[in-house]
Amino acid sequence: MRPLYFVLLTTAVLLSFTWILPTLGCNKALCASDVSKCLIQELCQCRPSDGNCSCCKECMLCLSTLWDECCDCVGMCNPRNYSDTPPTSKSTVEDLHDPVPSLFRALTDGERHLNWNIVSFPVAEELSHHENLVSFLETVNEPQHQNVSVRKNNGHVSRSNEKERMCTVIYFDDCMSIHQCKLSCESAGASKYRWFHNACCECIGPDCIDYGSKTVKCMNCMV
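Owing to the predicted nature of the structure, the values given are computational and were not obtained by experimental measurement.

**Student:** Talk me through the sheet that holds strand S4 (residues 192-196); I want residue IDs and the actual numbers.
**Tutor:** Spatial ordering of the open sheet is given by S1-S4-S5-S3-S2, a layout of five strands whose pairing is antiparallel. Each of the sheet's edge strands pairs with one partner strand only, and the pair in question is strand S1 (91-95) and strand S2 (116-122). When strand polarity is set aside, the average angle formed by the axes of neighbouring strands in this sheet is 20°. Those strands touched by helix H8 (residues 178-187) are S1, strand S3 (166-172), S4 and strand S5 (201-204), and its axis lies near 150° from that of S4.

In structure tokens, the structure reads:
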């Protein structure tokens with residue numbers, strides 16, 4: 001009896017979720033699985049808009065790193081208009097503590113793997129964008145920008161080497177959560193990762209100066 005109840009409950013939650021998504025303009029590709037999990041556990045049943053926030057903390061903990069992007073899917077925050085700022089234009093980056101350069105180079109040397117796409121481009125292109133960003137931020141004196149910090153480039157990189165070096169990155173074909181993106185890039189020996197807010201994951205190799213490419217190139221996760 002219990003398994004049947006669970007199946008019926010899951011079906012009901014998923015049906016209600018598919019009804020919620022188009023109503024709130026939720027980011028379906030990014031939020032579907034995590035929101036379904038939280039709804040099944042009945043952790044996001046209250047409605048702050050009605051003055052009831054008794055479950056807000058539990059719901060936030062359940063959605064974890066996806067709270068900012070998915071809170072509108074469960075009626076916890078105001079609906080977003082995703083046509084104004086496409087999720088592919090925003091991303092989160094992070095350095096990985098224990099990269100394995102030899103592993104990353106071995107995995108990206110040769111033919112394309114079944115579930116990812118390997119892209120290489122001159123380091124000079126990546127560095128040019130980084131220097132323009134640093135220059136812009138250093139000229140801004142408004143109070144709201146005082147806490148902005150941009151990591152400087154490594155001083156040992158010479159101009160002649162910049163023209164010859166190539167930055168190699170990995171794009172996973174399918175969408176994934178930011179947590180899975182970090183784990184996957186760690187497993188590939190990457191130095192950093194960039195997780196786009198449409199759930200596309202980019203692992204950044206040891207020869208890259210900054211945080212790789214800002215272009216989404218995940219085969220099955222482009223929206």
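Back to the text.
**Student:** Report on unusual backbone geometry, specifying residues and quantitative values.
**Tutor:** In this model, Ser64 sits at a positive phi of 55°, which is unusual for a non-glycine residue. Inspection of the secondary structure assignment puts Ser64 in the loop between helix H3 (56-63) and helix H4 (67-70). Positive phi values are uncommon outside glycine, yet Ala199 reaches one of about 85°. The topology assignment puts Ala199 in the loop between S4 and S5. Taking the relative accessible area as the measure of exposure, Ala199 reaches 1% and is therefore buried.

**Student:** Could you give me a rundown of H8, with the residues and numbers involved?
**Tutor:** Looking only at H8, the buried set comprises Ile178, Cys181, Ser184 and Cys185. Taken end-on, H8 shows its buried residues confined to a sector of 120°, consistent with a single buried face. Turned more than 90 degrees off the buried face of H8, the exposed positions are His179 and Ser187. Contact partners of the buried residues in H8: S1, S3, S4 and S5. At the C-terminal side of H8, Gly189 shows a positive phi close to 80°.

**Student:** Go over H3, please, and point to the residues and values.
**Tutor:** An α-helical segment advances 3.6 residues per turn. Residues three or four places apart therefore align on the same side. Every buried residue of H3 is listed here: Cys56, Cys59, Cys62 and Leu63. Each buried residue of H3 sits inside an arc of 130° when the element is viewed along its axis, so together they form one side. Residues of H3 that are exposed and angled more than 90 degrees away from the buried face: Lys57 and Leu61. Taken together, the buried residues of H3 touch helix H2 (28-40) and H4.

Cut-offs and rules
- Numbering of residues starts from 1 in every chain and runs along the sequence as written.
- A pLDDT threshold of at least 70 governs which residues receive local features in this predicted model, and a stricter bar of 80 or more applies before side-chain atom pairs are shown or counted, although totals over entire chains, interfaces and linings include all residues.
- In computing side-chain values, all of the structure's heavy atoms are included and hydrogens and water are not.
- A pair of strands is treated as paired once DSSP finds two or more bridges between them.
- Working definition: helices are DSSP H or I runs of at least four residues, strands are E runs of at least two. Numbering for both runs from the N terminus.
- The convention used is that axes are lines fitted to C-alpha atoms, helices contributing only their stretch in contact, and that angles between N-to-C directions extend from 0 to 180 degrees.
- The contact rule is simple, with two residues in contact once any of their heavy atoms fall within 4.5 Å.
- To sort residues, take the accessible area from a 1.4 Å probe on protein chains only and compare it with the maximum for the residue type: under 20% means buried, over 50% means exposed, and anything in between is partly exposed.
- What the arc measures is the spread of directions leading from the helix axis to the C-beta atoms.

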